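Results of the structural survey
This is what each chain is made of:
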Amino acid sequence: MDEPKVTGTKPKMSTTRKILLILGFLSTLAAIALITVAVTQNQPLRKNIKYGIVLDAGSSHTNLYVYEWPAEKENDTGVVQQVEVCKVEGPGISGYSQTTEKAGPSLVQCLRQAEEVIPAEQHQETPVYLGATAGMRLLRLENKDAADKVLSSVEKTLRSAPFSFQGARIISGQEEGAYGWITINYLLGNFKQSGWKKFLHSLKSISETSGALDLGGASTQITFVPDEISPESPQNLLYFRLYGKDYQVYTHSFLCYGKDQALQQKLAWDLQSAENSSLFDPCFHQGYQRTISMSNFFKNPCTSIEEKQFPFSQLHIEGEGNYEKCRRNIQILFNKTNCPYSSCSFNGIYLPPLQGDFGAFSAFYFVMNFLNLTSDVPFTLDEVASAIQKFCARPWHEVKLQYHQIKEKYLSEYCFSGAYILSLLENGYEFTTENWQRIHFLGKIGSSDAGWTLGYMLNLTNMIPAEEPPAPPLSYSSYVGLMVLCSLVLVSVILLAWLLFHKPKCLQKGIV
Ligand SMILES: Nc1ncnc2c1ncn2[C@@H]1O[C@H](COP(=O)(O)OP(=O)(O)O)[C@@H](O)[C@H]1O
Ligand SMILES: [Ca+2]
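Along each chain, residue indices are assigned from 1 in the same order as the chain's sequence is written. To read the labels, note that chains go from A and ligands from 1, taken in the order they are written. Residue-level local features of this predicted model are given only where pLDDT is at least 70; pairs of side-chain atoms are given and counted only at 80 or more, and the full residue set underlies all totals for whole chains, interfaces and linings. Only hydrogens and water are removed before side-chain values are computed, so all heavy atoms of the structure are retained for them.

For the protein chain, an unreviewed UniProt entry supplies the name Ectonucleoside triphosphate diphosphohydrolase 1 and the organism Coturnix japonica. UniProt positions are given in the numbering used here, feature names are shortened, and annotations may be inferred rather than shown by experiment. Under the UniProt heading Subunit (unreviewed entry), the entry covering the protein chain gives this text: "Homodimer; disulfide-linked."

Pasting the structure below:
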């Protein structure tokens, strides 16, 4: 009895189903077509990569950096990245003061490496810059003629490379500080903020940029945006307009306060009270010995003020490995007696109250990283001091055995350098237990080294615009996503409308 009913309704159901199936299939096809069109039509064209080269001619050595960026995104923030670094063999260019003609040729090997990294057809349009820092500033003070000859030699070599030579010069301490600050804030993405990040920042009233602390061999720089700008020391203030926002930046570079020159200064002070040609030094490990020649010691502008005649030509230094004594010994480098401003760091130099987070790089990072003090969870000031104290107390033979792969020059000075870093930050700039953890020791940010070179190139190639460049309201991925979502909603609405108005029998039956 039931069978005829079943056979009578079956063909009707399958026709409706067929229609629905076809409709479903067509809608899916339409959605796929829409997505494909959205993805392919709006895909950015093949990337056109540009390159730039900067040589950082530091006091201890020269590094060559190759940067790359997509040509069409030149003015965005965070798009330029380091693709290569080459460490030049031998000393820094200021070390060629006696053989100035050899300064340029020392760079050839790294320039060749850059030629291999950058496609040949791009060589001619790739700018190359060389900036020399405190080593050359000191050489210029000591022997201007030699400094000029070193720069000429370097220029000759750079001009003979296949790149577009843009200059080789000694940059000022102010520039070094400012470009270091620009580099880290560019890499951290602090200049251009998306809408919601801007909003969050305004809610929390947190500082938008990070300060920069750079420690070299011959100079050190501190740069940050203070809370209040006082006009007391205009030579320490810089004004920038970047991506439509004004920044008033404090910066100071202390010549002779890089870690190598600070050690020379300390030894010059120690020598004042030396009774004979032997000196005990608490900043070197017990059992460590070093002999230094007196003939050139006071030629250096960093030590020449302490010049005195000594009845010996060589000084023998013997380590004592005593951190507390070393800190007291270093203290003498920071003269805190006279401050002609509302607040000072040391030597009568203006320093506004410290503000916000700081990125500490170059030798700040190398030293703290060696001492295992750069982990993500920041150490307290006491923990840092105690780690350095323990390291200084270790006998030299033990340290040498454990770190036999590390250059003796670096290894023997980590104790001094650690103590010096703490003295500079704590006594010099007056970081305290409270704000110590706002210092972040950084080697790299992404693939790029923290340092002044990237900021220098960004500035000289006009890659940081003063005004915010107009940008489409939506990013490419949000645009495609929104297109797809809208298409799906549209298809569903059409399908639903059709179902409601044509009411297929099967549904009518279901509803009733
Ligand atoms: N791996 C390392 N360990 C310790 N110190 C290092 C290491 N690499 C580089 N340095 C030191 O970092 C400092 C870099 O200074 P540099 O940039 O050459 O001088 P400046 O910036 O004053 O012209 C030097 O004192 C150098 O000895
Ligand atoms: Ca440097």
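Overview of the environment of E324
Along the polypeptide, E324 turns up in helix α8 (residues 323-331). Per-residue accessibility, obtained with a 1.4 Å probe over protein chains only, is compared with the maximum for each type, and a residue is labelled buried under 20%, exposed over 50%, and partly exposed between these values. Classification of E324 by relative accessible area gives partly exposed; the value is 39%. It is 7.5 Å that separates the C-alpha atoms of E324 and Q389, two residues lying 65 residues apart in sequence. In DSSP terms, a helix is any run of H or I states spanning at least four residues, a strand is any run of E spanning at least two, and both are numbered starting from the N terminus.

Structural notes on the state of the cysteines
Such a bond, covalent and formed between the sulfur atoms of two cysteines, is termed a disulfide. Only a pair of cysteine sulfur atoms within 2.5 Å qualifies as a disulfide here. Going through the model one piece at a time under the given rule, you end up with 5 disulfides. C86 shares a disulfide with C110; S-S distance 1.9 Å. Its S-S torsion of about -75° marks the bond between C86 and C110 as left-handed, since a negative value means left-handed. Within this pair, whereas C86 is found in strand β3 (residues 81-87), its partner C110 is found in helix α2 (residues 108-117), the two being separated by 24 residues in sequence. The class of C86 is buried, set by a relative accessible area of 6%.

Some points on the site of ligand 1
Surveying the vicinity of ligand 1 reveals 17 residues, the closest of which are S59, S60, T133, A218 and Y414. In this structure, G217 approaches ligand 1 through a main-chain N or O atom, which is 2.8 Å from an oxygen atom. Residues adjacent in sequence count toward polar contacts only when both atoms are side-chain atoms; beyond that, a polar contact is any pair of N or O atoms within 3.5 Å, and within protein one must be able to donate a hydrogen and the other to accept it. One of the backbone N or O atoms of S219 is found 3.2 Å from an oxygen atom in ligand 1. Per-residue and other accessible areas were derived by the Shrake-Rupley procedure at a 1.4 Å probe size, with only the shown protein chains allowed to occlude residues. Relative to its unbound accessible surface of 580 Å², ligand 1 loses 89% to contact with the protein. Looking at the shell around ligand 1, the elements with two or more residues in it are α7 (259-272), α9 (363-370) and α12 (408-428). Each residue receives one of three labels: charged for Asp, Glu, Lys and Arg, nonpolar for Ala, Val, Leu, Ile, Met, Phe, Trp, Tyr, Cys and Pro, and polar for the others, Gly being one of them. Here the residues of the shell around ligand 1 sort into 6 nonpolar, 8 polar and 3 charged. For the domain bounds, the source is a domain assignment made automatically or taken from a database. Of the residues that make up the shell around ligand 1, three or more belong to each of domain 1 (48-170) and domain 2 (255-441). Summary of the distance rule: residues count as near a molecule or strand when at least one heavy atom falls within 4 Å of that molecule or strand.

Considerations on the environment of S97
Tracing the backbone shows S97 in the loop between β3 and α2. Remark: the alpha-carbon pair of S97 and S345, spanning 248 residues in sequence, is separated by 33 Å. Apart from the residues within four sequence positions on either side, S97 is in contact with L139 and A146. We call two residues contacting when some pair of their heavy atoms lies within 4.5 Å.

Quick look at the sheet that holds strand β5 (residues 164-170)
In any sheet, the strands associate via hydrogen bonds between backbone groups, in a parallel or an antiparallel arrangement. Should DSSP find at least two bridges between two strands, the strands are regarded as paired. Sheet architecture is open: 5 strands sit in the order β3-β2-β1-β4-β5, paired in mixed fashion. Two strands in the sheet have a free side with no partner beyond their single neighbour: β3 and β5. This sheet shows a mean twist of 15° between the axes of neighbouring strands, independent of strand direction. Along the sheet face, helix α13 (residues 453-460) touches β1 (49-57), β2 (62-70), β4 (127-132) and β5 and points at about 125° away from the line of β1. Where helices are involved, their axes are fitted lines through C-alpha atoms of the stretch in contact, as for all axes, and angles between N-to-C directions lie from 0 to 180°.

Topic: the domain arrangement of the protein chain
Taken domain by domain, the protein chain consists of domain 1 (48-170), domain 2 (255-441) and domain 3 (472-512). The straight-line distance from the C-alpha centre of domain 2 to that of domain 3 is 70 Å.

Focus: a nonpolar patch on the surface
Patch members must show over 30% relative accessible area and no salt bridge, and they are joined within 9 Å when carrying like charges or within 5 Å when they are nonpolar side chains of Val, Leu, Ile, Met, Phe, Trp or Tyr. Here, a salt bridge means any side-chain nitrogen of Lys or Arg that lies within 4 Å of a carboxyl oxygen of Asp or Glu. On the surface, a nonpolar cluster with roughly 410 Å² of combined accessible area is contributed by I22, F25, L26 and L29. Residue placement: F25 occurs in helix α1 (residues 3-41).

As for the sheet that holds strand β13 (residues 358-362)
Judged by pairing direction, the sheet is mixed, and its 6 strands sit side by side in the order β8-β9-β7-β6-β13-β14 without closing on themselves. Each end of this open sheet is capped by a strand with a single partner; those strands are β8 (237-242) and β14 (439-441). Averaged over all adjacent pairs, the angle separating strand axes in this sheet is 25°, with direction ignored. Bridging between β8 and strand β9 (residues 245-255) involves 6 bridges; their strand directions are antiparallel. Bridge pairing in β9 links L238 to V249.

Regarding the nonpolar core
We call a set of buried residues a nonpolar core when its members are Ala, Val, Leu, Ile, Met, Phe, Trp, Tyr or Cys and they connect through side-chain atoms within 4.5 Å of each other. Counting residues in hydrophobic clusters, the biggest one holds 72 residues, and the most contacted among them are L213, Y420, L425 and Y429. Of the residues forming this core, the biggest block, 10 residues, is contributed by α12.

Describing the UniProt feature "transmembrane region" (unreviewed entry) in the protein chain
Taking the UniProt record as the reference, the feature "transmembrane region" (unreviewed entry) is found at residues 20-39 and 479-501. The span residues 20-39 shows a helical share of 100% and a strand share of 0%, and its end C-alpha atoms are spaced 28 Å apart. Helix makes up 100% of residues 479-501 and strand 0%, whereas the separation of the span's terminal C-alpha atoms amounts to 33 Å.

Overview of the packing of α8 against α12
Taken N-terminus to C-terminus, the directions of α8 and α12 make an angle of 55°; their axes are 9 Å apart at the nearest point. In terms of orientation, α8 lies oblique with respect to α12. Considering only the axes of α8 and α12, their crossing is right-handed. Contact with α8, carried on its side by Y323, C326, R327, I330 and Q331, involves F416, A419, Y420, L422, S423, E426 and N427 of α12 and no other residues of that element. Residues that form the contact of α8 with α12 fall into these classes: 7 nonpolar, 3 polar and 2 charged. By the definition adopted for this analysis, an angle is roughly parallel if under 35 degrees, roughly antiparallel if over 145, roughly perpendicular if from 65 to 115, and oblique otherwise. The handedness criterion is simple: a crossing whose near helix is rotated anticlockwise from the far helix by less than a right angle is left-handed, and one whose near helix is rotated clockwise is right-handed.

Some points on the UniProt feature "active site" (unreviewed entry) in the protein chain
On the UniProt side, "active site" (unreviewed entry) is annotated at positions that read E176 here. With respect to the element layout, E176 can be found in helix α5 (residues 173-187). Sequence-distant contacts of E176, defined by excluding residues within four places in its chain, comprise T133, R137, I171, D214, S219, Q221 and W452.

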